[in-house]
Amino acid sequence: MNKAALSILTAIILFSLQGCGNRLWEDTKETTTDTFNYVFDTTPTARTYHDTASVPIIELNYRAADVLYSNVDNDELTIDSAVFVSPFTNQDDPGDKSVFGRAMAQQLADRLVQHGVHINEGTPNATDFTYASGVSASDYGKSTSLAGSSRVLPPRSAKLVGSYVIADRYVYMTARVIRLVDSTVVSAHTWTLPITDSVREMLPQLKAQDEGMVPTVKTSFND
């Protein structure tokens, strides 16, 4: 084989090896990238403990108010009955004055207003706790309804009260509509609210817990 043919053959072999090397590098690069994306996923798949996703807290409270309203019988409270509202209280800490209790009570009250309930922001009068002269509890029962009578029974007042218990991931809510004249619970409902960032803003004790948390990762070593 002459020198010219040997040079051409050598060049062909080197060109072929370079092509294989490039393909090998591309395949390796693609595989490495896929592995990186699979193991170290560039888009985080884990969510933070305090989920920042929007949770319809108002909608959950509105549903609770709907249940309260649906459970109130027309013979218990009429459309003209005044309902007084008290801020919801913390069962574990009755002295808790955070905005959370007031905000939750207000949201339920607003929903009841949409149903036509007469929400009264004042305080009950002495007459709200007693029956009118000549009227008794039996007059409001279905069995003693005055069909065809022109007599109109005076409406009975009530109050909306509620409480909450703060747990690890949820706030357990309960609300009741109580008839004032005899302290009878005429409607009640219990539901849960997830502890989101907005809920934490209304509960300072939860924010204080976050600020005082101790890291779980060891940052120093003893000798």
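Asker: I keep staring at the overall build of the protein and nothing clicks. Help me out?
Answerer: The number of helices and strands found in the protein is five helices and six strands. Seen in sequence order, the protein has helices and strands lined up from the N terminus as α-α-β-β-α-β-β-β-β-α-α. Residues counted as buried form 26% of the 223 residues belonging to the protein. When contacts within the protein are restricted to residue pairs at least 6 apart in sequence, long-range pairs at least 24 apart make up 66% of them. Of the roughly 15100 Å² of accessible surface on the protein, a fraction of 56% belongs to carbon and sulfur atoms.

Asker: Explain the layout of surface pockets here, please?
Answerer: In this approach the atoms are scanned with a rolling probe the size of a water molecule, which exposes any empty space left behind. There is about 230 Å³ of room inside the largest pocket. For the lining of the largest pocket, the class distribution of residues is nine nonpolar, four polar and one charged.

Asker: Looking at this structure, how should I read the nonpolar core?
Answerer: Soluble globular proteins tend to pack their nonpolar side chains together in the buried interior. Formed by 31 residues in total, the largest nonpolar core has its most connected members in Phe-88, Phe-100, Met-104 and Met-173. Contributing elements (two or more residues each) for this core: helix H2 (57–71), helix H3 (99–114), strand S4 (158–166), strand S5 (170–179), strand S6 (184–194) and helix H4 (197–202). Among the elements that make up this core, the one with the highest residue count is H3 (six residues). With residues near it in sequence (within four places) discarded, Met-104 still touches Ile-57, Asn-61, Phe-88, Met-173, Leu-193 and Met-202.

Asker: Would you explain the pairing of S5 in this entry?
Answerer: Regular strands show a simple pattern: their side chains alternate between the two faces of the sheet. Strand direction decides the pairing type here: S4 and S5, joined by nine bridges, are antiparallel. The residue of S5 that forms the bridge with Ala-158 is Arg-179. The antiparallel hairpin formed by S4 and S5 contains three residues in its connecting segment. The pairing of S5 with S6 spans ten bridges and is antiparallel. Across the sheet, Tyr-170 pairs through a bridge with Pro-194, a residue of S6. In this structure, the hairpin formed by S5 and S6 is closed by a connection of four residues, where Ser-183 is found at a positive phi of approximately 60°.

Asker: Where do I start with the pattern of salt bridges in this structure?
Answerer: Under the counting rule described, the total for this entry stands at three salt bridges. Its salt-bridge partner being Asp-182, residue Arg-179 comes within 2.6 Å of it at the nearest N-O pair. Its relative accessible area of 7% is what places Arg-179 among the buried residues. For Asp-182, a relative accessible area of 33% puts it in the partly exposed group.

Asker: I tried to follow the environment of Met-202 on my own but got confused; where do I start?
Answerer: Along the chain, the position of Met-202 falls in helix H4. The exposure class assigned to Met-202 is buried, which follows from its relative accessible area of 19%. Each C-alpha atom of the pair Met-202 and Ser-98 lies 6.5 Å from the other, and the pair is 104 residues apart in sequence. With sequence-adjacent residues up to four places away left out, Met-202 is seen in contact with Ser-98, Val-99, Phe-100, Ala-103 and Met-104.

Asker: What exactly am I supposed to notice about the packing of H2 against H3 here?
Answerer: Helix packing geometry: the angle between the two helix axes and the distance between the axes. Relative orientation of the contacting elements H2 and H3 amounts to 55°, with a least axis distance of 8 Å. Comparing the axis directions of H2 and H3 gives the class oblique. In this structure, H2 meets H3 at a crossing whose hand is right-handed. The residues of H3 that touch H2, namely those facing Ile-57, Ile-58, Asn-61, Tyr-62, Ala-65, Asp-66, Leu-68 and Tyr-69, are Met-104, Gln-107, Leu-108, Asp-110, Arg-111, Leu-112 and Gln-114. Across the contact of H2 with H3, the residue classes break down as nine nonpolar, three polar and three charged.

What counts, and where the lines are drawn
- Residues numbered from 1 in each chain as written.
- Predicted model: local features only at pLDDT ≥ 70, side-chain atom pairs only at ≥ 80, totals over all residues.
- Heavy atoms only, no water.
- Helix = DSSP H or I, 4+ residues; strand = E, 2+ residues; numbered from the N terminus.
- Buried < 20%, exposed > 50% of the residue type's maximum accessible area, 1.4 Å probe, protein only.
- Contact = heavy atoms within 4.5 Å.
- Areas by Shrake-Rupley, 256 points an atom, 1.4 Å probe, with all protein chains shown as cover.
- 1 Å grid on protein atoms, 1.4 Å probe; cavity = no way out; pocket = protein on both sides within 12 Å on 5 of 7 lines; lining within 4 Å.
- Points joined across faces, edges and corners; volume = space filled by probe spheres on them.
- Nonpolar A, V, L, I, M, F, W, Y, C, P; charged D, E, K, R; others polar.
- Core = buried A, V, L, I, M, F, W, Y, C linked by side-chain atoms within 4.5 Å.
- Pairing = 2+ DSSP bridges.
- Salt bridge = Lys/Arg side-chain N within 4 Å of Asp/Glu carboxyl O.
- Axes fitted to C-alpha atoms, helices over the stretch in contact; angles between N-to-C directions.
- Parallel < 35°, antiparallel > 145°, perpendicular 65-115°, else oblique.
- Left-handed = near helix turned anticlockwise from the far one by under 90°.

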